[in-house]
Amino acid sequence: LLVMAVFFAINFFCVLFQNERGELTVTANAWGDYGIHFALINSFAYTNNFPPQYPVLYNQPLGYPFVMDFLSSVLVVGGWTLRDAVIAPNLLYSLAFLVGVFLLAVALFKKTVIGLLAILLFFFNGDLGFVYFVRDAISSGNVGLFLQNLPRAYSHLPDQGFHFMNLFFSIFLPQRSAIMGFAVSLLVLLLMHRIFEKKAGKQEFLLAGALIGLLPLVHGHSFIVVGVAAGFVFLHSFANKAFEWKKWVWFIAPAALLGLPQIAWVSQQVSGSFIGLQLGWMAKNSGVGLGELAWFWLKNWGVVLVLGVIGFVLAPKRVKWFAAPFVFLFFLSNVVRFQPQDWDTIKVLVYPFLFACFFAALALSELWEKRKWWPVPQVIVVSLLFLGIFSGVLTLAWWAGDHPSLYPP
């Protein structure tokens, strides 16, 4: 409920709100993304954009994942305002995504509290940028006034090497295709976990295959991630002599029939330079040593990285195996750039980060239950949870304030 309240507030006050000139606009960090989203919605609703083309690139086939915007265009044609047609799907898929995170955490660890902790760590994620907040607050001379007028987003300090910013701020509002992509992917991962645990019938295989097959034009990076995860579950079941080929046909057939035409369509826009080799995620990390790279990730994932490693050690063996493809994707994302702009590889990195939050939540849960040392473990857990989300909460607080646009007028 807390997270959905934040989702609602951000959408309601940051998407197509009326500014001081009486114009409808969006918040600064979503300005660049929502321009193309609005253009796509209106192109489907009013210009019969089929076969789909970029509304701003004449006669160029639309390779961008457009299903979320097409859904909004259906609502516009049905009589909804553009604002309502954008906000309503944002909220509904955010709720589905949120519930998916909770259910997957509980399915993995059989504990409700781990699901709740994972939600907080993931959706309010922060890094070590709060150190600069403390420094700025002390040097401001007036802490009260400073808190009322935060000068910057403290999870996004690129000059200091902080790039894995709060996910509300960087992805879940601006990149609205990602909301649907993550919601669908979490359902697929829940189904894949049932398959992994040998609890799935052909209906689950069929649904998982159909959903994966629908993903390329929903969110391409989510398609890559769940495809890797499904491939791992396939190989794991084959290696452990638990391979049920008749059930896997129910998975592969819809995935191929639905997915391959979309992949062929999207590939029209993908050149040989779209994906490439790049060490350390961001270009600035190319050529740095392992120590510097480890420090970079500690700064960007903060408490979650440390607790995640501890939780991974504590986790049951089967959970480690199910998480293995996401560990692989983390290291792969430090070698491969999945889009021409290096930062956009975060769309893949979010999934390993989600599993890091799962393991971090496990570590916090295990520490909390050391009752014989009460209240020391509980104080430590609350402190670590606070540090894990502090710079993310500061970013949201800065976002809600009156701050200069990140894009010039």
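Heads up: these notes are all about the structure in this document. Counting of residues starts from 1 at the beginning of each chain's written sequence and follows it residue by residue. Restriction of local features to residues with pLDDT of at least 70 applies here, the model being predicted, together with a cutoff of 80 or more for giving and counting side-chain atom pairs; totals for whole chains, interfaces and linings are based on all residues. Side-chain descriptors were evaluated using all non-hydrogen atoms of the structure, hydrogens and water having been removed beforehand.

Let us now look at the packing of aromatic side chains. The description of two aromatic rings rests on the distance between their centres and on the angle between their planes. Working definition: a ring pair exists when centres of Phe, Tyr or Trp rings (six-membered ring for Trp) sit within 6.5 Å. Plane angles under 30 degrees give stacked, over 60 give edge-to-face, the rest tilted. For the coordinates displayed, the defined rule picks out 48 aromatic pairs. Ring centres of Tyr132 and Phe162 lie 5.9 Å apart, and the angle between their planes is 80°; on these two criteria the pair is classed as edge-to-face. Of this pair, Tyr132 sits in helix H6 (residues 130-140) while Phe162 sits in the loop between helix H7 (143-148) and helix H8 (167-172), and the two are 30 residues apart along the sequence. By the criteria applied, helices consist of DSSP H or I runs no shorter than four residues and strands consist of E runs no shorter than two, each listed in order from the N terminus.

Attention now moves to helix H10 (residues 202-214). The span one expects for a helix is its residue count, reduced by one, times 1.5 Å. Between its first and last C-alpha, H10 extends 18 Å over 13 residues, near the 18 Å set by a 1.5 Å rise per residue. Listed as buried for H10 are Glu204, Phe205, Ala208, Gly209, Leu211, Ile212 and Gly213. Looking at the packing, one finds that the buried side of H10 touches helix H9 (176-196), helix H11 (220-239) and helix H12 (245-266). Per-residue accessibility, obtained with a 1.4 Å probe over protein chains only, is compared with the maximum for each type, and a residue is labelled buried under 20%, exposed over 50%, and partly exposed between these values. Note on contacts: a residue pair is in contact if any heavy atoms of the two residues lie within 4.5 Å.

So, about the pattern of salt bridges. Pairing between side chains becomes possible if they bear opposite charge and their charged atoms approach one another. In the sections that follow, a salt bridge refers to a side-chain nitrogen of Lys or Arg positioned within 4 Å of a carboxyl oxygen of Asp or Glu. Under the definition given, this model contains nine salt bridges. The partner of Lys111 in a salt bridge is Glu369, and the shortest N-O contact between them spans 3.2 Å. Remark: Glu369 occurs in the loop between helix H15 (346-368) and helix H16 (376-400) and Lys111 occurs in the loop between helix H4 (82-109) and helix H5 (112-123); sequence separation between them is 258 residues. By relative accessible area, which is 36% here, Glu369 ends up partly exposed. Where salt bridges share partners, they join Lys111, Glu366 and Glu369 into one cluster.

Residues Phe122, Phe123, Phe168, Met192 and Phe358 are the most contacted members of the largest nonpolar core, which totals 125 residues. Residue contributions to this core peak at 17 residues, all from H15. Residues Phe44, Leu62, Phe66 and Leu217 belong to the second largest nonpolar core, which totals six residues. Nonpolar cores were defined as sets of buried Ala, Val, Leu, Ile, Met, Phe, Trp, Tyr and Cys residues, with membership established by side-chain atoms within 4.5 Å.

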